[in-house]
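# Examining the three-dimensional arrangement
Single-letter residue listing:
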Amino acid sequence: MNGSLHLWLIPLLPFAGFLLNGILGRKLPKALVTAIALLMPLGSFAIVLSASRGFLGIGPPLASVPHIESLDYPWINAGLFHVDFSFVLDQLSLVMLLIITGVGLLIHIYSVGYMEHEDGSWRYFAYLNLFLFFMTVLVLAGNALLMFVGWEGVGLASYLLIGFWFQKTSAADAGKKAFVVNRIGDFGFLIGMFLLLANFGTLTFSDIAATLSANPAWTGGVLTATALCLFVGATGKSAQLPLYVWLPDAMEGPTPVSALIHAATMVTAGVYMIARTHFLFDRSPYALGVVAIIGAATALFAATIGLVQTDIKRVLAYSTVSQLGYMFLGCGVAAYSAAIFHLMTHSFFKALLFLAAGSVIHGMGGEQDMRKMGGLRERMPVTYWTMTAAVLAIAGFPFFSAFFSKDAILYAAFVSGGIGKVLWFVGLVTAALTSFYMFRLWYLTFWGELRSHEAHPHESPWSMTGPLAILAVLSVVGGWIGFGGNLGPFGRFLAPTLGVHNTEAGAAGLEWGMSALAVLAGAIGWYVAHRFYSQPSESATKLATSFAGPYNLLVHKYYVDEIYSFLFVKPVLALSRFFLEWVVDVAILGGLAWLLGGIAMLCGAILQRWQSGNLRSYAAWLALGAAALLLFVLLPWTLLLAGIGIHVGMVTHQ
Amino acid sequence: MNSNYAQLLQQDVPLTWYLLLSAVLFCLGIVGFLIKRNLITVFMSIELMLNAVNLSFVTFAHQWHAVKGQIFVFFVMMVAAAEAAVGLAIIIAVFRARATLAVDRIDLMKL
């Protein structure tokens, strides 16, 4: 059978949910809004599941992989340039779709409990469904332009959701910041697309891959430029150096949004984009090196900031930036499967961390400062245990999910040669830092005594704890599908799209050794956190005061926001203010008004001399004029002129 | 001599004389319009110009044996009558308001 998988339904169901809730939601009863918002992602998830049967060998096998479905009509048809509405389902997009719709569905369910007391939840759910629509378009897109549509769309949904509480200035500003910073990245993406178009004449991924495999000698040069431009786009969306600044601020949005968009799915779009265009990066060692270095640097940089943050969500935000750095490190050493593997496990445990943090915030009545929490493990047992699973997972505790995925990336970096060993060491240090700040968060939140007297923590409703439990299970066992040589079943599954990398037969001993080192790094992080934070003590404060310089640098996030503000924001604002006030307002608009007025007044000054108001002078002019006309008509001009020797060619009728 | 005079009487008045008379009347009207200060006199000068034109219309109509010119004269007289009615009414209104008919004084609309 040539069975269509009805891929178009995957994005369009959430879009229908967006339209229904967005247009009618205000008038619909709350239960109906919730039902619509939940059923649409559920439908998408069901379709993705049924589509995945063909890939897993359970259902009817697919006629071809990748499975392509496109609209009969072209989207753009201009000369030699063709773009179709085509959706491509292969192993890579299937993994992404499972994550997006699966985790997305869980977070939708969680949101029902979290947003229960919120006004305008119809708006929230409409945006959330809109996000799913664009994200699935991004992942399914068969060409760069359609991907860009999804890319921009998720940016829009992110903006809307960060600024969901738009009455708060900080939330509105954070949304704006995210949007503007993403524009810079999108500029790189656009230039990359232009370069693709100029050199390949097409934006369809499969065509570009075919052209490249037909020209095996083509490396570097313009490919490096294209890859780097695309990577600029990825740094914007995936919050890498130097464009990461928007993600920590994006925590102004509701916590489930932070979990879904700013941890599990949207911010991984850059990693997905690089994996999708990996054939391009494979041809440019230089671009790959840049990706790896930026990734490792971001991982370390964000982890150090995360060490000293006191807002529970900000710790997680910097942790997200740091983990995304790992994924880019994986991409940069051409271990795309490992990067996607870490993307998947990260989406489990980071969504879980955020949702658990949301549950804590919910229970604490909106408090986000960890210094006011503590002792929550008896009052919120489900949240405590699921959070523990997530913390162990991200810290790389043996046989939890990130143990497998992070080690795969570190191992790939180690064996990649060149500066690989340096990158590996940076990754290892980051692993220790990660473990430290996560256990710090865990101790501060759940251990000791409650340090706030206003809060009355209570466990969250089942609609919130249910998703927590499912994600906890996934965080614990999710890594096992990547167990074995070359990432085990997961690596084999992705091999047709992403290829097999770092095939090192007989290197198992080395790999286990590296894992042991990574676990050791995690254990050190845990031990330090345990020393400082398991009991209430002044030792952490003492350390902070004795190293006041570095500590202040970290607390102020390396002053990056201030530097950007000084270097870019203020000059641009001053320039645009200058243009608005002086060039546009004074010079153009004011000048135009003065010019028009001046012309009118000049004309008036000349013409008003005729308007003496003296009736008789008007009449005299009239009479004189009439007399002059008469003279002109009656005088025999031709004869007169001929008299002084001028001949006028005048036709006279005799 | 006598017969010459009688002959002269029997002859038609030449066309040129009528036209000259018309031109003279018209110029009188213009001059009157330009130099007179009293609004009524100005008004009468306008009437004079109209009738000067009427005269030349009739002259040409007689010369060319065309009745159109005479019909035109009726039109002009009709318009002149209507104009006189409206104009005199305005003059009376102006006089009531300003107690003067000197055209130079009626200059409220001037800047």
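Because the structure is predicted, anything quoted here is derived from the model rather than measured.

### Quick word on the overall build of chain B
Within chain B, the secondary structure is distributed over 4 helices and 0 strands. Helices and strands appear in chain B in the N-to-C order α-α-α-α. Over its C-alpha trace chain B gives a radius of gyration of 19 Å, far above what one expects of a compact globule, namely 13 Å for 111 residues. A principal-axis box enclosing the C-alpha atoms of chain B has dimensions of 65 × 30 × 25 Å.

### Some remarks on the overall build of chain A
Secondary structure assignment for chain A yields 26 helices and 2 strands. Taking 654 residues into account, the globule formula puts the C-alpha radius of gyration at 26 Å, and chain A, at 33 Å, lies well above it. On the principal axes, the C-alpha backbone points of chain A span a range of 125 × 65 × 55 Å. Buried residues in chain A amount to 48% of all 654 residues.

### With respect to the environment of Gly29 of chain B
Residues and elements named next belong to chain B. On the secondary structure map, Gly29 appears in helix α2 (residues 15–35). Using a count of 21 C-beta atoms within 10 Å as the deciding quantity, one classes Gly29 as buried. In the structure, Gly29 is positioned 16 residues away from Ser45 in sequence and 4.4 Å away in space, judged by C-alpha atoms. Every residue in contact with Gly29, bar those within four places of it in the chain, is listed here: Ser45, Ile46, Leu48, Met49 and Ala52.

### Some details on the pairing of strand β1 (residues 67–78) of chain A
Side-chain direction in a regular strand flips from residue to residue, so the side chains alternate between the two faces of the sheet. Where burial is concerned, little of β1 of chain A is hidden: 1 out of the 12 residues are buried. The turn linking β1 of chain A back onto strand β2 (residues 81–89) of chain A is made up of 2 residues, and Gly79 of chain A within it adopts a positive phi angle of 60 degrees.

### Quick notes on the environment of Leu392 of chain A
Residue and element names in this part refer to chain A. One can find Leu392 in helix α16 (residues 381–394). What makes Leu392 buried here is the crowd of 25 C-beta atoms within 10 Å. Spatially, the C-alpha atom of Leu392 lies 8.7 Å from that of Met438, the residues being 46 residues apart in sequence. Once residues lying within four places of it in the same chain are set aside, the contact partners of Leu392 are Phe397 and Phe400.

### Observations regarding the packing of helix α8 (residues 222–237) of chain A against helix α11 (residues 269–276) of chain A
All names here are of chain A. One can describe the packing of α8 onto α11 by two numbers: an axis separation of 7 Å at closest approach and a directional angle of 155 degrees. The pairing of α8 with α11 is recorded here as roughly antiparallel in orientation. Contacts between α8 and α11 involve Leu230, Phe231, Gly233, Ala234, Thr235 and Lys237 from the former and Ala269, Gly270, Met273 and Ile274 from the latter.

### Quick word on the confidence of the model for chain A
Residues of chain A with pLDDT of at least 70 account for 96%, and the chain-wide mean is 88. Mean pLDDT per element in chain A: helix α26 (residues 637–643) of chain A is the minimum at 78, and α11 of chain A is the maximum at 94.

### Points about the environment of Phe348 of chain A
Residues and elements named next belong to chain A. Relative to the helices and strands, Phe348 resides in helix α15 (residues 336–363). A sequence separation of 212 residues divides Phe348 from Val560, and the C-alpha atoms of the two residues are 30 Å apart. Setting aside anything within four residues of it in sequence, one finds Phe348 in contact with Ser401, Leu471, Leu474, Ser475 and Gly478.

### Some details on the pairing of β2 of chain A
As paired strands, β1 of chain A and β2 of chain A are joined by 8 bridges and run antiparallel to one another. By the bridge assignment, Asn77 of chain A is partnered in β2 of chain A with His82 of chain A.

### Overview of the nonpolar core
Residues and elements named next belong to chain A. Ala339, Ala351, Leu352 and Ala390 are the most contacted members of the largest nonpolar core, which has 204 residues in total. Looking at which element gives the most residues to this core, the answer is α15, with 17 residues. Leu352 has contacts with Thr386, Ala390, Leu468, Leu471, Ala472 and Ser475, leaving out every residue within four places of it along the chain.

### Looking at the confidence of the model for chain B
All names here are of chain B. Across chain B, pLDDT averages 88, with 92% of residues at or above 70. Highest mean pLDDT in chain B belongs to helix α4 (residues 68–98) (93); lowest belongs to helix α1 (residues 2–10) (70). Under the prediction, the complex receives an ipTM of 0.73, its pTM being 0.77.

### Concerning unusual backbone geometry
Residue Pro242 of chain A is bonded to the preceding Leu241 of chain A through a cis peptide linkage, with omega at -5 degrees. Within the secondary structure, Pro242 of chain A is located in the loop between α8 and α9 (246–249). Even without glycine at this site, His65 of chain B takes up a positive phi of about 55 degrees. Relative to the elements of secondary structure, His65 of chain B occurs in the loop between α3 (39–64) and α4. By C-beta crowding, His65 of chain B is classed as exposed, having 6 other C-beta atoms within 10 Å.

### Quick look at the packing of helix α6 (residues 169–200) of chain A against α8 of chain A
Residue and element names in this part refer to chain A. α8 packs onto α6 with a crossing angle of 155 degrees between their chain directions and a minimal axis gap of 7 Å. Classified by the angle between their axes, α6 and α8 sit roughly antiparallel to one another. The interaxial crossing formed by α6 with α8 has left-handed handedness. Of the residues in α8, those touching α6 at Val181, Asn182, Ile184, Gly185, Asp186, Gly188, Phe189, Ile191, Gly192, Leu195, Leu196 and Asn199 are Val222, Ala225, Thr226, Cys229, Leu230, Val232, Gly233, Thr235, Gly236 and Lys237. Residues that form the contact of α6 with α8 fall into these classes: 11 nonpolar, 9 polar and 2 charged.

Conventions adopted
Residues numbered from 1 in each chain as written. Chains lettered and ligands numbered in written order. Predicted model: local features only at pLDDT ≥ 70, side-chain atom pairs only at ≥ 80, totals over all residues. Helix = DSSP H or I, 4+ residues; strand = E, 2+ residues; numbered from the N terminus. Rg over C-alpha atoms; globule rule 2.2 N^0.38 Å. Buried ≥ 20, exposed ≤ 12 C-beta atoms within 10 Å, placed from the backbone. Contact = placed C-beta atoms within 7 Å. Pairing = 2+ DSSP bridges. Axes fitted to C-alpha atoms, helices over the stretch in contact; angles between N-to-C directions. Parallel < 35°, antiparallel > 145°, perpendicular 65-115°, else oblique. pLDDT = per-residue confidence, 0-100. Core = buried A, V, L, I, M, F, W, Y, C linked by C-beta atoms within 7 Å. Left-handed = near helix turned anticlockwise from the far one by under 90°. Nonpolar A, V, L, I, M, F, W, Y, C, P; charged D, E, K, R; others polar.

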